[in-house]
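Now for the letters of each chain:
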Amino acid sequence: MDAPQEEVKVKHDPALTKDTWWHSFNADGGEAGYVATSDLEELPSEVQVALGLFVCDFKGLDEEAVNWNVTHVSKNGMSRLSGPKLLKGGQRSGNKGCGEEELWAVPKDPKHKKTQVVAKGSAEFCYLEIIYLIDGGLCPCKRCCKSLVALADRTKSVIVVRPMVDYELISKHRTELARGETFLLLFRPGVKTFLVCHTAANEAPDSPLARDLTAHPTKAWCTCAACGLAFTARFAHENVKSKNVKKDKKGDLAVTTTCPHCHVSGEMPVVREGVGAFPAATVDIYF
Ligand SMILES: [Zn+2]
Ligand SMILES: [Zn+2]
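Note that this is a predicted model, so its numbers are computed, not measured. (Residues numbered from 1 in each chain as written. Chains lettered and ligands numbered in written order. Predicted model: local features only at pLDDT ≥ 70, side-chain atom pairs only at ≥ 80, totals over all residues. Heavy atoms only, no water.)

By definition of the ideal shapes, four donors in a tetrahedron about a metal sit 109.5 degrees apart, and six donors in an octahedron sit 90 or 180 degrees apart. Taken together, the protein donors to the zinc ion (ligand 1) comprise Cys98 (SG), Cys141 (SG) and Cys144 (SG), at separations of 2.2 to 2.3 Å. Written as a sequence motif, the donor arrangement for the zinc ion (ligand 1) is C-x42-C-x2-C. Of this pair, Cys98 sits in the loop between strand E4 (80-91) and helix H2 (99-104) while Cys141 sits in the loop between strand E8 (131-138) and helix H3 (142-155), and the two are 43 residues apart along the sequence. Overall, the relative accessible area of 10% leaves Cys98 in the buried class. (Donors = N, O, S within 2.8 Å, 3.2 Å for Na, K, Ca; no water. Helix = DSSP H or I, 4+ residues; strand = E, 2+ residues; numbered from the N terminus. Buried < 20%, exposed > 50% of the residue type's maximum accessible area, 1.4 Å probe, protein only.)

Given below as structure tokens:
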């Protein structure tokens, strides 16, 4: 007999999404806000690992419908637990509701919508503390994104959605997302906004909220105390960043360096929140 293998313990709870409708996760029908970045380094490291190992799988998907290929990936992003599993939903979302409703669950008696819930795709969302990788046809609308925010909480898991076509985040028109680029939505437990990560400049979503710029592992967004230039302090490693970003006398974050424009040296204030890519002007800090 083989020696017992070290198994990755994955928590599975069949009751986790039992008797839920898609709208159970967004009772007031509100929309989720989002932040955006074009820098893959701003994604959690385990998500970067998963993206490197599990490329988009659009097999069998209709780009004008809500349908998902769901892959269950271990918490560290390194192994496939199961999937991809194709889940079919409704057509393009309208005012009456979204195709996600039909993907998630259906009423036992279609004439009486309040009858017993028959689980469909919801049955695939019973794992705790994993990464759900969803390759999809249509990009979820902001109302469905609010459901995904709550679903990340319910499953204590990270959810990544990689759609083929967008009708809402970038513009009101159809945008077919470039296959060679990254365009994804990231939902994390305990985080009320989602993150849109896009590498194509023309796929930037139109109204992101300000994000926490201090969370970048190896960059700090600085302003020159002398000339006012916005520049990026780029560190060789996370540890180098944590050593070099310090609190100044007023308790604000600052980096002691030399401005790439006016060459004045000193404490340069760190910008905490903002929108868009880190400034192009860069100073490298190695230790
Ligand atoms: Zn929707
Ligand atoms: Zn300067």
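This brings us to the packing of aromatic side chains. Enumeration according to the criterion identifies 9 aromatic pairs in this entry. Centroid distance Tyr34 to Phe194: 5.4 Å. Interplanar angle 35°. Geometry classified as tilted. Taken together, the residues span a long stretch of sequence, with Tyr34 in strand E2 (residues 34-37) and Phe194 in strand E12 (residues 194-198) at a distance of 160 residues. Classification of Tyr34 as buried rests on a relative accessible area of 2%. Three or more aromatic residues link up through ring pairs in this structure, and these residues are Trp22, Phe25, Trp68, Trp104, Phe125 and Tyr132. (Phe/Tyr/Trp six-rings, centres within 6.5 Å; stacked < 30°, edge-to-face > 60°.)

With that settled, the discussion passes to the sheet that holds strand E16 (residues 245-247). Across the sheet, which stays open at both edges, the 3 strands sit in the order E16-E17-E18 with antiparallel pairing between neighbours. The sheet is open, and its two edges are formed by E16 and strand E18 (265-269), each paired on a single side. When strand polarity is set aside, the average angle formed by the axes of neighbouring strands in this sheet is 45°. Bridge count between strand E17 (residues 253-258) and E18: 5 bridges; the pairing is antiparallel. Bridge pairing links Thr256 to Glu267 in E18. (Pairing = 2+ DSSP bridges. Axes fitted to C-alpha atoms, helices over the stretch in contact; angles between N-to-C directions.)

Across all of its chains, the model carries 13 salt bridges by this definition. Of the charged contacts in the structure, one is a salt bridge between Arg234 and Asp284, with a shortest N-O distance of 2.7 Å. Note that Arg234 is positioned in strand E15 (residues 230-235) and Asp284 in strand E20 (residues 282-285), a separation of 50 residues in sequence. Arg234 sits in the partly exposed class, given a relative accessible area of 38%. Each of Glu63, Glu64, Arg174 and Glu176 takes part in salt bridges that share partners, so that together they form one network. (Salt bridge = Lys/Arg side-chain N within 4 Å of Asp/Glu carboxyl O.)

For the zinc ion (ligand 2), the full set of protein donor atoms is Cys224 (SG), Cys227 (SG), Cys259 (SG) and Cys262 (SG), at a range of 2.3 Å. Taken together, the 4 donor atoms surrounding the zinc ion (ligand 2) define angles of 104 to 115° at the centre, an arrangement classified as tetrahedral. Sequence spacing among the residues donating to the zinc ion (ligand 2) works out to C-x2-C-x31-C-x2-C. Of the two residues, Cys227 is situated in the loop between strand E14 (219-223) and E15 and Cys262 in the loop between E17 and E18; the sequence distance between them amounts to 35 residues. (Tetrahedral: all angles 85-135°; square planar, octahedral: opposite > 155°, others 65-115°.)

With an omega dihedral of 5°, the bond running from Gly83 to Pro84 counts as a cis peptide bond. Assignment of secondary structure puts Pro84 in strand E4. Positive phi is not limited to glycine here, since Glu129 has a value of about 55°. Tracing the sequence through the fold places Glu129 in the loop between strand E7 (127-128) and E8. Glu129 gets classed as partly exposed once you look at its relative accessible area, which sits at 29%.

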